[in-house]
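Okay, here's what each chain looks like letter by letter:
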Amino acid sequence: MKKTIIAITAALILSPTIALAGNGDHDNHKQAQFNYTGPVSTITVAELLKDTSMFTEQNAIVDGQIIRHVRKDKYLFSDGTTEIQIELDDDISLPTAINETTKVRLFGEYEGGSTPEIEVDRVQIL
């Protein structure tokens, strides 16, 4: 009797986990990303850097070039007048290689603080 109760309890606990687990092949089920190429409201790096409070967070879209690799996922970005550190998400991939002269549009979140940076969610080659 005890073994039956334990088996039923274990089955009830594990059933939702097994049902939701899937096959673990999540990358093959990505949806096609919408790629709008029309006008977009951008902001300059200088405008972002006007507020470097550690509590500052705002969405940002900037145009320019990624000019140097700093370390790991940190890079230096320039919009032609001012530079800022950026952090690229792990899941960002581009169809072609880029260099310091490649014009890009970055979509992300600006965060102030002692080292202001943009956490980049998406990169679009212009």
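About the thresholds
- Residues numbered from 1 in each chain as written.
- Predicted model: local features only at pLDDT ≥ 70, side-chain atom pairs only at ≥ 80, totals over all residues.
- Heavy atoms only, no water.
- Helix = DSSP H or I, 4+ residues; strand = E, 2+ residues; numbered from the N terminus.
- Buried < 20%, exposed > 50% of the residue type's maximum accessible area, 1.4 Å probe, protein only.
- Contact = heavy atoms within 4.5 Å.
- Areas by Shrake-Rupley, 256 points an atom, 1.4 Å probe, with all protein chains shown as cover.
- Phe/Tyr/Trp six-rings, centres within 6.5 Å; stacked < 30°, edge-to-face > 60°.
- Lys NZ or Arg CZ within 6 Å of the ring centre and 35° of its normal.
- Polar contact = N/O pair within 3.5 Å; in protein donor to acceptor, adjacent residues only side chain to side chain.
- Core = buried A, V, L, I, M, F, W, Y, C linked by side-chain atoms within 4.5 Å.
- Pairing = 2+ DSSP bridges.
- Axes fitted to C-alpha atoms, helices over the stretch in contact; angles between N-to-C directions.
- Salt bridge = Lys/Arg side-chain N within 4 Å of Asp/Glu carboxyl O.

Quick word on the overall build of the chain
Here's step 1: For the chain, the count of helices and strands is two helices and five strands.
Here's step 2: Across the 126 residues of the chain, 27% fall into the buried class.
Here's step 3: Considering only contacts within the chain whose residues lie at least 6 apart along the sequence, 55% involve residues at least 24 apart.
Here's step 4: Only carbon and sulfur atoms are counted for the fraction: they give 54% of the accessible area of the chain, which is about 9200 Å².

Considering the packing of aromatic side chains
Here's step 1: Inspection of every chain in the model, using the stated rule, returns zero aromatic pairs.
Here's step 2: Looking at R122, its charged tip hangs above the ring of F107, at a distance of 4.0 Å from the centre.

Quick word on the environment of R105
Here's step 1: Counting through the fold element by element, R105 comes out in strand 4 (residues 104-111).
Here's step 2: Judged by relative accessible area, R105 falls into the buried class, the value being 11%.
Here's step 3: Those residues in contact with R105 that sit more than four places away from it in its chain are G38, V40, T42, I61, V62, D63, R122, V123, Q124 and L126.
Here's step 4: A polar side-chain atom of R105 sits 2.8 Å from a polar atom in the side chain of D63.

Brief notes about the nonpolar core
Here's step 1: Grouped together as the largest cluster of nonpolar side chains are 15 residues, with contacts concentrated most on F77, I84, I86, L106, I118 and V120.
Here's step 2: Mapped onto this core, the elements with two or more residues apiece are helix 2 (45-48), strand 1 (57-71), strand 3 (83-88), strand 4 and strand 5 (117-125).

Regarding the sheet that holds strand 4
Here's step 1: The strand order around the closed barrel built from five strands is 1-2-3-5-4, with neighbouring strands paired in mixed fashion. With direction set aside, neighbouring strand axes in the sheet form an average angle of 55 degrees.
Here's step 2: Across eight bridges, the pairing between strand 4 and strand 5 is antiparallel. Along strand 5, the bridge assignment pairs L106 with V123.

Topic: the side chain of T102
Here's step 1: With respect to the helices and strands, the residue T102 is situated in the loop between strand 3 and strand 4.
Here's step 2: In contact with T102, other than residues within four places in its own chain, are G64, Q65 and I125.

Concerning the pattern of salt bridges
A side chain with one charge can pair with a side chain of the opposite charge if their charged atoms come near.
Here's step 1: For the structure on display, the rule yields three salt bridges.
Here's step 2: Between R105 and D63 there is a salt bridge, with the nearest N and O atoms lying 2.8 Å from each other. One end of the pair, R105, is in strand 4; the other, D63, is in strand 1, with 42 residues separating them in the sequence. Each member of the pair, R105 as well as D63, is classed as buried.

A few points about the pairing of strand 5
Here's step 1: Across four bridges, strand 3 lies against strand 5 in parallel orientation. In the sheet register, Q85 faces strand 5, and the bridge partner there is E117.
Here's step 2: Taking the residues between adjacent antiparallel strands as the criterion, strand 4 and strand 5 are bridged by five residues, where G113 takes a positive phi near 120 degrees.

Some thoughts on the environment of E111
Here's step 1: With respect to the helices, strands and loops of the structure, E111 is situated in strand 4.
Here's step 2: Sequence-wise, E111 and I86 are 25 residues apart; in three dimensions their C-alpha atoms are separated by 10.0 Å.
Here's step 3: Here E111 is in contact with T56, E57, P116, E117 and E119, once residues within four sequence places are set aside.

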